[in-house]
Amino acid sequence: MDTIPLDYATLRLIWWLLLGILLIGFAVMDGFDLGIGTLLPAVARTDAERRLVLNVVGPVWEGNQVWLILGGGAIFAAFPALYAVSFSGFYMAMFLILFALILRPVGFKFRSKVEDPRWRAVWDWALFVGGFVPALVFGVAMGNVLLGVPFYFDDTLRIHYSGGFFGLLSPFALLCGLVSVAMLVAHGASMLVIKTDGPVALRARRFGMLAALATAVLFVLGGAWLALGVDGYALAGAAVTDAPSNPLFKQVTTLRGGWMANYQAMPWTWIFPVLGVAGSLAAAVLLRAGRGMAAFLASALGIAGIILTEGLAVFPFLLPSSTHPGSSLTLWDASSSHLTLFVMLVATIVFLPLVLLYTSWVYRVLRGKVSPESLEQNHNAY
């Protein structure tokens, strides 16, 4: 449309970038919640220590989960075809994630209602599941984006999905899941070092350092596997970037190691996998030194590098099809209309800064350590 100041191709690219930003925001902000939940049995040995850990997460987890809602909303509105395929193809995986996430608020609210050790132990393990399972499944899902998902569109653009939940659990996808778990555990450990003292912080330093080292090693292993043992996808011919969305109007080829093509064509993009490794290694060193805030920032940079590495590897694809490559979704043929993308961009420019300002204010109000004394003084503590 002539009245829209940005052309269709530019808006599609902007929304691809915004989607990446929202995924990074979710992994950084809600990721440390998931990591702390996963660490709960390892770093907290007594009921008092477990309460200490829970009160690091309890006041902020709901606000952090806004990033998940923003990401899901962005996919729904900006890339509806991607939303339709992923939420139907990954239905059981999504249900598993939602079930695990639901355990978190229930666990926070119910755990301390009864002073029975068995009652509290049940909810402690529920909180562990609520952290570990989403971290693992999100990573598995990202691995399946690289492998391709078994779906296709017929002539009427109806979606046909031929896979199942256990088909998602290939060795490569599970490796990606382990990368996700390790990086979020390291991130959560950094937050525990910031917010706690004593035995909990010491254990968090130790486990976080190991998790950060594991992140770097597993990420490099996954990259080598991707380059040598996974078929990548490429458009046959020039991409049509400004046409109405129709995933059937293109030809797609596959090639072993094809996901490395963007890195070969644009050598500057190697900065992102380097950032993924360097950030994780720096987090390990800083955790060993007990520098929690610096470790948290290094871990956040590592997370951003890992997510951007995958995003740039698959560009311009959003979700490849392993059975019918021509049905693969790209940002050029899976987006909403020109007008919809522009209206959403205006809304994002208005409201995203408000989310950032509010989040910054909350963390400023809640700054400082969580201690046994503060829990005794606060009757609303978990």
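Here, the structure is the one placed above.
Here's what I pulled together on the structure shown here. All figures in this text were calculated on a predicted structure; none of them were measured in a lab.

Here the focus is a nonpolar patch on the surface. There is a patch of nonpolar side chains on the surface, built from V346, V350, F351, L354 and L357 and spanning about 480 Å² of accessible area. Within the element layout of this structure, F351 appears in helix α13 (residues 338–365).

It is worth spelling out the packing of helix α7 (residues 117–147) against helix α8 (residues 171–195) at this point. As a packed pair, α7 and α8 sit with axes 7 Å apart at the nearest point and diverge in direction by 135°. Here α7 is positioned oblique relative to α8, judged by the angle of their axes. Classified by chirality, the crossing of α8 by α7 is right-handed. Facing α7, whose interface residues are F132, A135, L136, G139, V140, G143, N144, L146 and L147, α8 presents F172, A173, L174, C176, G177, L178, S180, V181 and L184. Here the contact of α7 with α8 is composed, by residue class, of 13 nonpolar, five polar and no charged.

Its place among the elements puts V60 in the loop between α2 (47–57) and α3 (61–64). Along the chain, V60 and G35 lie 25 residues apart, while their C-alpha atoms are 14 Å from each other.

This paragraph deals with the packing of aromatic side chains. Counted under the stated rule, the structure contains 20 aromatic pairs. Taking 5.0 Å as the distance between ring centres and 75° as the angle between the ring planes, the aromatic pair formed by F76 and Y83 counts as edge-to-face. Ring geometry for F151 against F153: centres 5.9 Å apart, planes inclined by 90°, an arrangement best described as edge-to-face. Aromatic ring contacts, followed pair by pair, group W16, F315 and W332 into a single cluster. The ring of Y8 carries the charged tip of R12 above its face, separated from the ring centre by 3.7 Å. Directly above the aromatic system of F207 lies the positively charged group of R206, at a separation of 5.4 Å from the ring centroid.

Conventions used here
Residues numbered from 1 in each chain as written. Predicted model: local features only at pLDDT ≥ 70, side-chain atom pairs only at ≥ 80, totals over all residues. Heavy atoms only, no water. Patch = residues over 30% accessible without salt bridge, like charges linked within 9 Å, V, L, I, M, F, W, Y side chains within 5 Å. Areas by Shrake-Rupley, 256 points an atom, 1.4 Å probe, with all protein chains shown as cover. Salt bridge = Lys/Arg side-chain N within 4 Å of Asp/Glu carboxyl O. Helix = DSSP H or I, 4+ residues; strand = E, 2+ residues; numbered from the N terminus. Axes fitted to C-alpha atoms, helices over the stretch in contact; angles between N-to-C directions. Parallel < 35°, antiparallel > 145°, perpendicular 65-115°, else oblique. Left-handed = near helix turned anticlockwise from the far one by under 90°. Contact = heavy atoms within 4.5 Å. Nonpolar A, V, L, I, M, F, W, Y, C, P; charged D, E, K, R; others polar. Phe/Tyr/Trp six-rings, centres within 6.5 Å; stacked < 30°, edge-to-face > 60°. Lys NZ or Arg CZ within 6 Å of the ring centre and 35° of its normal.

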